[in-house]
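# Remarks on the overall topology
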Amino acid sequence: MASMSSVVMAATIAKLHPSSSDAAHGRRYGVSAQAQTAGTRARFVCRHQRLCFGHPRMLHDGRRKSWDGDRFPVRWRKQSHGHAGYSLSPPTMKERGCMSCIRAHRARQWNGSRRIFQDKSSFPLQKTFLNGANVYRAPVPHATNGPDEPHATSMTYPDTFTDKDGAWDPEIEAIDLEGFLSSPLPSHTKLHRGQLKNGLRYLILPNKVPANRFEAHMEVHVGSVDEEDDEQGIAHMIEHVAFLGSKKREKLLSTGARSNAYTDFHHTVFHIHSPTRAKDSDGDLLLSVLDALNEITFHPKFLASRIEKERRAILSELQMMNTIEYRIDCQLLQHLHSENKLSQRFPIGLEDQIKKWESEKIRKFHERWYFPANCTLYIVGDIDNIPETVHRIEAVFEKALEHDIPAPKTSAPSAFGAMASFLVPKLPSGLAGSLSNEKSSISMDQAKITLKERHAVRPPVKHSWSLPGLGGIAKDPQIFQHELIQNFSINMFCKIRVEPVQTYGGLRDVLMKRIFLSALHFRINTRYKSSNPPFTSVELDHSDSGREGCTVTTLTISAEPKNWKDAIKVAVQEVRRLKEFGVTKGELARYMDALLKDSEQLAAMIDSVPSVDNLDFIMESDALSHTVMDQRQGHESLLAVAETVTLEEVNSTGAKILEFISNFGDPGAPLPAAIVACVPKTVHIDGQGEADFVIYSDEITEAMRAGLEEPIEAEPELEVPKELISSLQLDELKFQRKPSFIPLSEGSSIRRVFDQETGITQCRLSNGIPVNYKITKNEAKGGVMRLIVGGGRAAETSDSMGAVVVGVRTLSEGGRVGNFSREQVELFCVNHLINCSLESTEECICMEFRFTLRDGGMRAAFQLLHMVLEHSVWLEDAFERARQLYLSYYRSIPKSLERSTAHKLMLAMLNGDERFVEPTPQSLERLSLQMVKDAVMNQFARGNMEVSIVGDFTDEEIESCILDYLGTVNIVDDPISSSNIHPIRFRSAASDLHFQQVFLKDTDERACAYVAGPAPNRWGFTADDKDLFESIRNGTIATDNQLSSSGPHTMEGKNGNNNFQRNIRSHPLFFAVTLGLLAEIINSRLFTTVRDSLGLTYDVSFELSLFDRLQLGWYVISVTSTPSKVNKAVDACKGVLRGLPSNKVAQRELDRAKRTLLMRHEAETKSNPYWLGLLAHLQAHSVPRKDISCIKELNFLYESVSIDDIYLAYESLKVDDDSLFACIGIAGNRGEEAAVISEEEEMETDQYGAAPAGRGLSTMTRPTT
């Protein structure tokens, strides 16, 4: 629920090191605070980060784009209409967005990936000595009953976190503290650094997760900022040509390796994720990977044919990414960095220059910048023998461009001062003492030899800093106005030098800033959430940017255009309140405790952090000159500095961040680096229609000053619930309802079924709720829980369209349970580190919790679930906000090319069924609070719910929670059945709707297209009521390939009978597995044909949406192109799809698809949320074919599938003219060449196509593949 989960952002968890799931769109570290009143359509998102000194990059999986979800705002997998909470973690690997879309702000809007916490008792804390002074662990307040509230505790805290042992002298203590804070942070003890004779630097870190795999990244310190005026985009061009032209890299793909590349302002990076050994071979792949990186980096072939291919691809990429979000990002960067080259050198380049470069010009740029002394090699993974690894690096790279002589070692200038070039990255000073792990192959004599200069020293990237006392004239607010912008947003920037975090004092500053900004987020969120605030979101971010070479503080305000002045006033007023009065003692205690809890959890997970996250963290830390620490070092260091934090220093440090806003207009105040408003050209006015939106710079300035002049009062302390259900209340519930476990099936006496192989336990409560749980050490002392309720939007009727999705949003907006206010529930979640999300899809309502087992966190999560099920509070004002949100979202569809194209296609394919698109204004107008409440709560019925839990608990712990809090829920006996759901049908008869076009008026040209058609669901059922397993048995599905089969494929069942034989074609997961493999094969062919051979697109993908409860599925091919090529691209995609019968699938294609999916499955089994997905529907009556074999036999199924089986799966897809639907979207300014939306469908604009809160799309290129 929004209110319950938003507190996780307020907790703003600490991080000194990479987590098991950290990722982000680019090299950025920061602390931030955000309040949102209207989140994204799918879920609330959060700018929540841990305290880290480096911003991890993202992993990209070869040709299969991992950034599909971010590329389009269209979700072809089951649409999520819920409102999940502020996520506790960054995205999982496949959720991570496009590398070119750094989305500096949006990158941290993370959706529900894994994060867990460690029991503090596992880390007994020792006293830390500060030059002889004893400093103890910061005391954490314990809950005590308040005078009026039996379940509340008053949060109070001492003025300082430092305990004074006996008599003490403040002057001596001040000297001791100063010495401690100035001492260097510890360095990562397992990180090995070295340098070859030719100047190439390397870093090696052994890491066991995932097992038998490693990451190798070659970072060349050259990017778009190094291009001359006639070379804009050439660094990106070389990245494409070198990477895709490498035969050695291509050969690695058959081993299960994945690879990709990207370019930003200062760097070009080529990366390979590889197994340590090839399957069916004893050969070590490290040497092959290094050899491929050597070829890519230092020996590319600039063939004319490859250059032309990549020229076409880049031009297509340029048009594809030229969305309104990209253009907004460009505007923000241009104004933020107007004084330097960053405002003029976006990595994607300029179209007119890209079109005309010859191979010689490209080669010369490569010769100027690509040489060993300008590169750093990073290797992180399951590597045991460091000396052997070093030997292999030397063997491969020592002779790279060996005619070059290394440059003498000199002290490099500051990376963010006179030269923001990262030309030859130096060791951060905090690591200089870590000599035991550094190997250098350069002798003193060699160091005296001067390198033949390959290029001119690049000029410094100078910044105009926002510092107090500098004076000067403030820049007028800039206004960017465009017809595709949906709502009002404004970004206020402050820019200062990066302060490398290398000492305890630096770490302490970051911690204090985090606490300060956490308080701001929570205040805005709680103060205005239930009062229909004038803003959509308010966000304050403070981040180091290695890409931009500075630290940027940004206040971002989003609002409906009519409310923009009030939104600015409120945001500025709250910033001023925090600056003037600071955080309270209770806030300091609350957020400090949350930070320490999470840091401790990360330390416990030191051996389970994926290699890619460790590598990304190291690369970013090096770029920022932050000291690299491991998880335990980071936690211990955080504990040490936490002891020294005082309330006064937190407020003093935080106030400095806010001065550019709170003191705006005062003499001597820091001048904003830029103020940029992004606004629509027209707005919708009820009863009048469209009207011009007029705004002036001086009006923005006046609104800011008005906010600063508003009277303010200090923040009151809030009381926090200790528990939601007291012991007395629980005892009474247990007495009344007598919870117990009952047999899983009639006629059986077995109350629990435990599967030894998977570790899964199945049980059923006396109130009818089935429960699945798995005990795992994947994520130490943490767990996840998911409630699935059957029905979802499919249960909506013609008179109640939108009722479920609006109802779920209403529950999320209200956030109250029982007698507890939204604020109390939020703080309860903060104190127990609970993340709660609620969402609806087409076939279910889903509620998910993430919790720690520390300090009763799991019991707290179960209490919250019980209260939601038993005592949800439905509020009229929350309903109105939810309805207005979806009304605005519907009206914004025509402003997005991708969304309007997808909307039209879905209506055509599903015969106008509104349950699969946004509810219309007419449907929304018919809804009432009682209607949406009934639509949601009627689905919470006996036989229609299932709970799954995965985590590091014991049987006794979990079953106690299950009985106490789930077993005592009173369940109604009126479940939603499939017979109550109106049938879902694809449009059957041929019509003009099978091929449609959408035209979007825009200043720039772009094009996209979708090709879609029917597929079965995961269990072999189709929308026309066919059972494909029955068709196989009857022989009505047959292909020539089947007839050539060598015999039946069998597998051994594992349901307790080793002699049980099962034909894989009768296995319940047969179609799910074979269709997944088929999708991999089709994706590979689309890339090879449509992108590589024909040059019609930069990006094309095939995706399947297979439902579990609904008897249908569909496939979608998404392709971007230019208006002149988009029709050819669609025809080529259809040709690939329909060409499988004639262009037979080769065994090597199938083997590669198997490797990809098996490796993905193997890696994901280390994740608790992935296990939740495997457990889903295990006991659901509406999914009768799923049983434990679907989990146990998954690997064997993948391995056993034959080419004939793939063609059986292909036969289940409908690709004929009567079944296939296509819609092309074209944006441009050439007049409406095709009808966009009929008058009946005309939709107005509002907030949801909002300008993103940040900059970043323009600072980095897309992944090359």
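Residues numbered from 1 in each chain as written. Predicted model: local features only at pLDDT ≥ 70, side-chain atom pairs only at ≥ 80, totals over all residues. Heavy atoms only, no water.

### Concerning the overall build of the chain
- Counting secondary structure elements, the chain contains 37 helices and 34 strands.
- Split into buried and exposed, the 1265 residues of the chain put 66% on the buried side.
- A fraction of 86% describes how many contacts in the chain between residues 6 or more apart in sequence connect residues 24 or more apart.
- Total accessible area computed for the chain in this model is approximately 43400 Å², and 50% of it derives from carbon and sulfur atoms. (Helix = DSSP H or I, 4+ residues; strand = E, 2+ residues; numbered from the N terminus. Buried < 20%, exposed > 50% of the residue type's maximum accessible area, 1.4 Å probe, protein only. Contact = heavy atoms within 4.5 Å. Areas by Shrake-Rupley, 256 points an atom, 1.4 Å probe, with all protein chains shown as cover.)

### Observations regarding the packing of aromatic side chains
- Under the defined criterion, the tally for this structure stands at 12 aromatic pairs.
- Judged by centre distance (6.4 Å) and plane angle (45°), the rings of F365 and W369 are tilted. A residue pair is termed a helical-turn pair when its members lie 3 or 4 positions apart in one helix, as F365 and W369 do in helix α10 (residues 359–369) at 4 residues.
- Take W369: its relative accessible area is 4%, and that puts it in the buried class.
- Taking the centre distance of 6.4 Å and the plane angle of 70° together, the rings of Y773 and F953 count as edge-to-face. (Phe/Tyr/Trp six-rings, centres within 6.5 Å; stacked < 30°, edge-to-face > 60°.)

### What to know about the pairing of strand β33 (residues 1113–1121)
- Burial runs high along β33: 9 of the 9 residues are buried.
- Strand direction decides the pairing type here: strand β29 (residues 1006–1015) and β33, joined by 9 bridges, are antiparallel. Paired with A1009 across the two strands is V1119, which belongs to β33.
- In terms of strand pairing, strand β32 (residues 1100–1106) meets β33 through 7 bridges, oriented antiparallel. Directly across from L1104, in β33, lies its bridge partner Y1115.
- Adjacent in sequence and paired antiparallel, β32 and β33 are bridged by 6 residues. (Pairing = 2+ DSSP bridges.)

### Describing the environment of R590
- Along the chain, the position of R590 falls in helix α15 (residues 585–604).
- By relative accessible area, which is 3% here, R590 ends up buried.
- For the pair R590 and L827, spaced 237 residues apart in sequence, the C-alpha to C-alpha distance is 8.7 Å.

### Regarding helix α19 (residues 697–709)
- Between the first and last C-alpha of α19 there are 19 Å, a value that for 13 residues agrees with the 18 Å anticipated at 1.5 Å per step.
- Buried positions along α19 lie against β12 (478–482), β13 (488–496), α14 (564–581), α18 (647–662) and β16 (674–680). (Expected span 1.5 Å × (residues − 1).)

### A closer look at the confidence of the model for the chain
- The predicted model of the chain averages 80 in pLDDT, with 76% of residues at 70 or higher.
- Scored below 50 in pLDDT, residues 1039–1062 makes 49 contacts in the model with residues more than four places away or belonging to other chains.
- Considering only residues more than four positions removed or in separate chains, one finds that residues 1233–1254, a stretch of pLDDT under 50, has 76 contacts. (pLDDT = per-residue confidence, 0-100.)

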